[in-house]
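Examining the three-dimensional arrangement
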Amino acid sequence: MAETKLAETDPALPLYERDFHEWTEYMTAVLRKRDAGALDWEHLAEAIESLGGRDRRELKSRLTVLIAHLLKWQHQPDLRPVSTWSATIFERRIQFAGLIEQSPSLKAQIREAWPKVYRRAAAYALREMKAPIPLPRTCPYTQEQVLDFEFYPD
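Treat the numbers as computed from the prediction; the structure is a model and nothing was measured. (Residues numbered from 1 in each chain as written. Predicted model: local features only at pLDDT ≥ 70, side-chain atom pairs only at ≥ 80, totals over all residues. Heavy atoms only, no water.)

If you check helix α3 (residues 20-33), its first and last C-alpha atoms are 20 Å apart, about what 14 residues at 1.5 Å a residue would give, namely 20 Å. Among the residues of α3, those classed as buried are W23, M27 and V30. End-on view of α3: buried residues confined to an arc of 60°, all on one side of the axis. Exposed residues on α3 whose side chains face more than 90 degrees from its buried face are H21, R32 and K33. (Helix = DSSP H or I, 4+ residues; strand = E, 2+ residues; numbered from the N terminus. Expected span 1.5 Å × (residues − 1). Buried < 20%, exposed > 50% of the residue type's maximum accessible area, 1.4 Å probe, protein only. Arc of directions from axis to C-beta.)

Here it is, written out as structure tokens:
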């Protein structure tokens, strides 16, 4: 805890380490002024790279929850009327569509991530279902079905 407090107040530390938010505001101003000499090139490259990683993690997270809810929908039909699965499925599809609209190149990431996303989704669904329901080893839905607003497995 003392180290964190020191990092927040130690003026000898670079701004990037002292206050990331302030650093981003400063870098934004420097970029707008086109002052290349004042840019923190290394940290800017790291920050931009981490944004791409964040988007890939968000894509995988949204797909995981979406597929898990589709599995629960399919394998526990008796719970559909009392669950929020339909709303979650719809919401995740909207969020996913927005993410792809903002960054279309992420769509290419789906195919590569699909097997791992499905394994996580199946584990998540099994944990939530609290029942020994055998799920397929591979995703029973196509990518198109998962993202189709009209698709609900029966």
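What follows deals with a nonpolar patch on the surface. Together, F90, I94 and F149 make up an exposed nonpolar region whose accessible area comes to about 260 Å². Secondary-structure assignment places F149 in the segment after α7 (143-147). (Patch = residues over 30% accessible without salt bridge, like charges linked within 9 Å, V, L, I, M, F, W, Y side chains within 5 Å. Areas by Shrake-Rupley, 256 points an atom, 1.4 Å probe, with all protein chains shown as cover. Salt bridge = Lys/Arg side-chain N within 4 Å of Asp/Glu carboxyl O.)

The subject of this paragraph is the pattern of salt bridges. Summed over the entire model, instances satisfying the criterion amount to 5 salt bridges. One salt bridge in this structure joins D154 and R80, with 3.0 Å as the shortest N-O distance. With D154 in the segment after α7 and R80 in the loop between α4 (41-75) and α5 (85-102), the pair connects residues that are 74 residues apart, well separated along the chain. The class of D154 is exposed, set by a relative accessible area of 74%. Two residues, E128 and R127, come together in a salt bridge whose shortest N-O distance is 3.4 Å. Owing to a relative accessible area of 36%, E128 belongs among the partly exposed residues under this scheme.

Further remarks concern the side chain of T88. Here T88 is to be found in helix α5. Once you skip the residues sitting within four places of it in the chain, T88 turns out to touch V65 and H69. (Contact = heavy atoms within 4.5 Å.)

Moving on: the packing of α4 against α5. As a packed pair, α4 and α5 sit with axes 9 Å apart at the nearest point and diverge in direction by 155°. Viewed along their axes, α4 and α5 adopt a mutual orientation that is roughly antiparallel. The two elements α4 and α5 cross, and the hand of that crossing is left-handed. Between α4 and α5, the contacting residues are D55, E58, L59, S61, R62, L63, V65, L66, H69, L70, K72 and W73 on the first element and W85, S86, T88, I89, R92, R93, Q95, F96, L99 and I100 on the second. Residue composition of the contact of α4 with α5, by class: 11 nonpolar, 5 polar and 6 charged. (Axes fitted to C-alpha atoms, helices over the stretch in contact; angles between N-to-C directions. Parallel < 35°, antiparallel > 145°, perpendicular 65-115°, else oblique. Left-handed = near helix turned anticlockwise from the far one by under 90°. Nonpolar A, V, L, I, M, F, W, Y, C, P; charged D, E, K, R; others polar.)

This part takes up unusual backbone geometry. The backbone phi angle of R34 is positive, close to 60°, even though this residue is not glycine. Among the structural elements, R34 can be located in the loop between α3 and α4. Accessibility expressed as a relative area gives 72% for R34, which makes it exposed.

Within the structure shown, the criterion is met by 6 aromatic pairs. One residue, K72, lies across the ring of Y124, its end atom 5.4 Å from the ring centre. The ring of Y152 carries the charged tip of R93 above its face, separated from the ring centre by 5.3 Å. (Phe/Tyr/Trp six-rings, centres within 6.5 Å; stacked < 30°, edge-to-face > 60°. Lys NZ or Arg CZ within 6 Å of the ring centre and 35° of its normal.)

Within the element layout of this structure, R93 appears in helix α5. It is D148 that comes nearest to the buried, bridge-free R93 among opposite-charge side chains, at 6.2 Å. From its side chain, R93 meets the backbone oxygen of F151 in a polar contact 2.9 Å long. Not counting residues within four places of it along the chain, the set of residues in contact with R93 comprises L66, L70, Q145, V146, L147, D148, F149, F151 and Y152. (Lys, Arg positive; Asp, Glu negative; His and termini not counted. Polar contact = N/O pair within 3.5 Å; in protein donor to acceptor, adjacent residues only side chain to side chain.)

Limitation: the analysis is restricted to geometry and does not speak to function.
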